[in-house]
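Here's the letter readout for the chains.
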Amino acid sequence: MLDAVVVGAGPNGLTAAVELARRGFSVALFEARDTVGGGARTEELTLPGFHHDPCAAAHPLGINSPAFRALPLERYGLEWLHAELPMAHPFLDGSAAVLSRSVAETAASFGPRDAGAYRRLVEPFLPKWDTLARDFMSLPLTALPRDPVTLARFGLVGLPPSAWLTRRFRDEPAKTLFAGLVAHVMAPLTGIGTGAVGLVFALAAHARGWPVARGGSQSISDALAAYLRDLGGSIHTDYEVKRLDDLPPARAYVFDTSPTALARIAGFGDYYAGYKYGPGVFKIDYALDGPVPWTAKEARAAGTVQIGADSAEIGAALRAASREGRAPDRPFMITVQPSVVDPTRAPAGKHVFWAYGHVPNGWTGDLTDAMERQLERFAPGFRDRVLARATAGPAELVARNANYVGGDIAAGATAGLQLLLRPKLTPFPYATPHPAVFICSSATPPGPGVHGMSGHNAAKAVWRRLRQQD
Ligand SMILES: Cc1cc2nc3c(=O)[nH]c(=O)nc-3n(C[C@H](O)[C@H](O)[C@H](O)COP(=O)(O)OP(=O)(O)OC[C@H]3O[C@@H](n4cnc5c(N)ncnc54)[C@H](O)[C@@H]3O)c2cc1C
């Protein structure tokens, strides 16, 4: 009998499998798709030679992940590549706020009235970032935090809504950049804990940047898979699990799936019926004839570029998608331009470009025109550079990956307490009604993103259980 079976080869499933295998447990992993990766994959979606990341592309959480940093992923081919600036947020007048590796450069981009407030916000946490990241990404804690004082201080600043945190800023550049950061996890700006979201992304930029993975996000998944095989784990692709009986006998089963799918597969009835899904996204992958013609020079040098004219426009776009049940006229967009720093992504002189905007869960329309009109405001002439585009709304995202229910790439709403306590209000989020069944997807803390920390935390719950049985 196997020690553990993992279902789903996304970053969390792969990390859970690796963590168990490296502690000597026998592990087999089953994945529905023909390749591993889940939300960390790379495909030639448009034209030959253009390598797109259909899901995650920018990796502030990956490079800062305590789980990934403890694994020898570089030995298995993972290389982080950094653009000159981790992130830029251009404005209509051609200026931009930036997240730079340097606190001083970032603060200066917010203007003289907010530079000091920004420094006072981030500087106390930076020297303690590694310990803070580990404590914060291991919530709810099952052991004492390594640095309870810093974690408590971080909680005081981060637990209130982001709208409170940004009250310390007087001008739009900082307010807008922070509104955009919170929107990365699709959380409402007035939601509890959303201050922490913005702060984590900012601290991550200063600590280690927001890189892309050389060759594409697939290389993160391939590195995890190769390490797992070296540790003796087996991987079975093209294997969609529909019932527990589809799996070989094991002492533990770990699901990198949505809670809804797990309930169906394991027969948990309405155990997760209270779990809510959030807005969806509309994703476009572009093959371009040249770089994006941003007006703001900072945007040309950044790996990630946020698009939203001001905090009010971003707030309106999020409200439209999450509360009003309609697509925004001026979508807030997150864009990534991997080929600015990674020449392997596109033929010489050409570029790949990645963009998404928020839409209601399950929306069936086409956001392409609204997104391109929005892009043209900040990069006039963008449309003339387009060689090909691959679009994916909620239905296509679900077809690619069952975890993105209704196109919700966070695998569950990040509003209210569900941002922090998911998939149930319990101190043991990785456990389920069945003592041998666990859940490790981004529907568990610390939530969405390619960081493997849900897999790491779930694996810890599993190995504790298995060792109790030995
Ligand atoms: C468009 C988009 C953009 C994103 N951008 C970023 C970004 O830039 N940076 C970032 O950090 N994150 C980003 N994310 C989020 C990130 O991809 C996810 O949070 C992350 O991949 C979650 O990892 P996971 O392991 O929990 O689940 P997933 O990566 O979703 O993997 C789940 C896996 O389980 C498999 N599976 C599901 N059900 C079954 C079943 N019944 N049987 C067998 N296998 C099954 C799926 O096929 C999939 O491979 C983005 C996501 C999307 C879609």
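For the structure, check the block above.
Remember, it's a predicted structure, so these values are computed and weren't measured experimentally.

Thresholds applied
- Residues numbered from 1 in each chain as written.
- Predicted model: local features only at pLDDT ≥ 70, side-chain atom pairs only at ≥ 80, totals over all residues.
- Heavy atoms only, no water.
- Helix = DSSP H or I, 4+ residues; strand = E, 2+ residues; numbered from the N terminus.
- Rg over C-alpha atoms; globule rule 2.2 N^0.38 Å.
- Areas by Shrake-Rupley, 256 points an atom, 1.4 Å probe, with all protein chains shown as cover.
- Phe/Tyr/Trp six-rings, centres within 6.5 Å; stacked < 30°, edge-to-face > 60°.
- Buried < 20%, exposed > 50% of the residue type's maximum accessible area, 1.4 Å probe, protein only.
- Lys NZ or Arg CZ within 6 Å of the ring centre and 35° of its normal.
- Core = buried A, V, L, I, M, F, W, Y, C linked by side-chain atoms within 4.5 Å.
- Contact = heavy atoms within 4.5 Å.
- Near = heavy atom within 4 Å.
- Polar contact = N/O pair within 3.5 Å; in protein donor to acceptor, adjacent residues only side chain to side chain.
- Nonpolar A, V, L, I, M, F, W, Y, C, P; charged D, E, K, R; others polar.
- Pairing = 2+ DSSP bridges.
- Axes fitted to C-alpha atoms, helices over the stretch in contact; angles between N-to-C directions.
- Patch = residues over 30% accessible without salt bridge, like charges linked within 9 Å, V, L, I, M, F, W, Y side chains within 5 Å.
- Salt bridge = Lys/Arg side-chain N within 4 Å of Asp/Glu carboxyl O.
- Disulfide = S-S within 2.5 Å.

A.B. asks: How do you make sense of the overall build of the protein chain when you look at a structure like this?
C.D. replies: Helices and strands together make up the secondary structure of the protein chain, namely 17 helices and 14 strands. Computed over C-alpha atoms, the radius of gyration of the protein chain comes to 21 Å, within 12% of the 23 Å expected from 2.2 N^0.38 for 470 residues, which places it in the range of a compact globule. By principal-axis analysis of the C-alpha atoms, the protein chain measures approximately 65 × 50 × 45 Å. Accessible surface computed for the protein chain: about 17,300 Å², of which carbon and sulfur atoms make up 53%.

A.B. asks: Would you explain the packing of aromatic side chains in this entry?
C.D. replies: On inspection of all chains with the given rule, the structure shows 18 aromatic pairs. With a centroid separation of 5.6 Å and an interplanar angle of 55°, the aromatic rings of phenylalanine 201 and tryptophan 210 are classed as tilted. Judged by relative accessible area, which is 7%, phenylalanine 201 ranks as buried. Overall, tryptophan 210 belongs to the buried group, its relative accessible area being 4%. Of the aromatic side chains, those joined through ring pairs into one cluster are Phe110, Tyr118, Phe169 and Phe178. Taking the ring centre of tryptophan 463 as reference, the NZ or CZ of arginine 23 above it sits at 3.8 Å. The ring of tyrosine 271 carries lysine 424 above its face, with NZ or CZ at 4.0 Å from the centroid.

A.B. asks: Any chance you could explain the nonpolar core here in plain terms?
C.D. replies: One finds Leu99, Tyr118 and Phe178 to be the most contacted residues of the largest nonpolar core, which totals 59 residues. Excluding residues that lie within four positions of it along the chain, tyrosine 118 makes contacts with Leu99, Val103, Thr106, Ala107, Phe110, Phe169, Phe178, Ala202 and His206. Counting 39 residues, the second largest nonpolar core, distinct from the first, contains Ala40, Ile63, Leu71 and Val462.

A.B. asks: What's the story with the site of the ligand in this structure? I'm lost.
C.D. replies: Around the ligand, the surrounding shell holds 36 residues, and the nearest of these are Glu31, Gly39, Asp256, Asn401 and Gly449. In the model, an oxygen atom of the ligand is placed 2.7 Å from a nitrogen or oxygen of the aspartate 256 side chain. Side-chain polar atom of asparagine 401 to an oxygen atom of the ligand: 2.7 Å apart, as the coordinates give it. Every element with two or more residues in the shell around the ligand is listed here: α1 (11–21) and β12 (351–359). Examining the composition of the shell around the ligand, we find that three residues originate from one element, α1, more than from any other. Residues belonging to the shell around the ligand are distributed by class as follows: 19 nonpolar, 12 polar and five charged.

A.B. asks: I would appreciate a short explanation of the sheet that holds strand β4 (residues 85–90) in the present structure.
C.D. replies: The strands making up a sheet are joined through hydrogen bonds of the backbone, oriented either antiparallel or parallel. Pairing is mixed in the open sheet, where seven strands are placed in the order β5-β4-β10-β11-β12-β9-β13. Since the sheet does not close on itself, it has two edges, and those belong to β5 (96–99) and β13 (386–392), each with one partner. Shown here is a sheet whose adjacent strand axes are inclined to one another by a mean of 20°, direction ignored. Sheet topology note: the strand β9 (residues 280–288)/β13 ladder contains six bridges and is antiparallel. When the bridges of β13 are listed, tyrosine 286 appears paired with arginine 389.

A.B. asks: Explanation requested: the sheet that holds strand β2 (residues 27–30) in the structure shown.
C.D. replies: The five strands are arranged β7-β2-β1-β8-β14 in an open sheet whose pairing can be described as parallel. The open sheet has two free edges, formed respectively by β7 (234–236) and β14 (437–439), since each of these has just one partner strand. Here the strands of the sheet are splayed against their neighbours by 20° on average, with no regard to which way each runs. Relative to β7, β2 runs parallel, the two sharing three bridges. Its bridge partner being in β7, alanine 28 is matched across the sheet by serine 234.

A.B. asks: Sorry, what's going on with a nonpolar patch on the surface here?
C.D. replies: Residues Leu159, Ile192, Leu417 and Leu425 make up a contiguous nonpolar surface patch of roughly 380 Å² in combined accessible area. Positionally, leucine 425 belongs in the loop between α16 (394–400) and β14. For leucine 425, a relative accessible area of 65% corresponds to the exposed category.

A.B. asks: Can you help me understand the pairing of β12 in this one?
C.D. replies: Buried residues dominate β12, accounting for nine of its nine residues. Burial along β12 is two-sided: the residues His351, Phe353, Ala355, Gly357 and Val359 and Val352, Trp354, Tyr356 and His358 are all buried. The pairing of strand β11 (residues 333–336) with β12 spans four bridges and is classified as antiparallel. From the neighbouring strand, valine 336 faces β12, where its bridge partner is tryptophan 354.

A.B. asks: Explanation requested: the state of the cysteines in the structure shown.
C.D. replies: Should the sulfur atoms of two cysteines be covalently bonded, the bond is a disulfide. The full count for this structure, using the stated rule, is zero disulfides. Free cysteine: cysteine 55, not disulfide-bonded; nearest cysteine sulfur from cysteine 440 at 16 Å. The class of cysteine 440 is buried, set by a relative accessible area of 0%.

A.B. asks: Help me understand the side chain of threonine 414 in this model?
C.D. replies: Counting through the fold element by element, threonine 414 comes out in the loop between α16 and β14. Since its relative accessible area comes to 4%, threonine 414 is described here as buried. Leave out the neighbours within four places in its chain, and threonine 414 touches Val185, Met186, Ala187, Pro188, Leu419, Arg422 and Pro448.

A.B. asks: Could you clarify how one ought to interpret unusual backbone geometry in this entry?
C.D. replies: Most peptide bonds take the trans configuration, and most residues that are not glycine carry a negative phi. Residue proline 423 is reached from arginine 422 by a cis peptide bond, and omega for that bond is 5°. The residue proline 423 is located in the loop between α16 and β14 in this model. Between proline 445 and proline 446 the backbone carries a cis peptide bond, its omega angle lying at 5°. Secondary-structure assignment places proline 446 in the loop between β14 and α17 (453–469). Not every positive phi belongs to a glycine, and aspartate 238 is a case in point at roughly 55°. Tracing the chain through its elements places aspartate 238 in the loop between β7 and β8 (250–255). Positive phi, close to 50°, is recorded for alanine 411, a residue that is not glycine.

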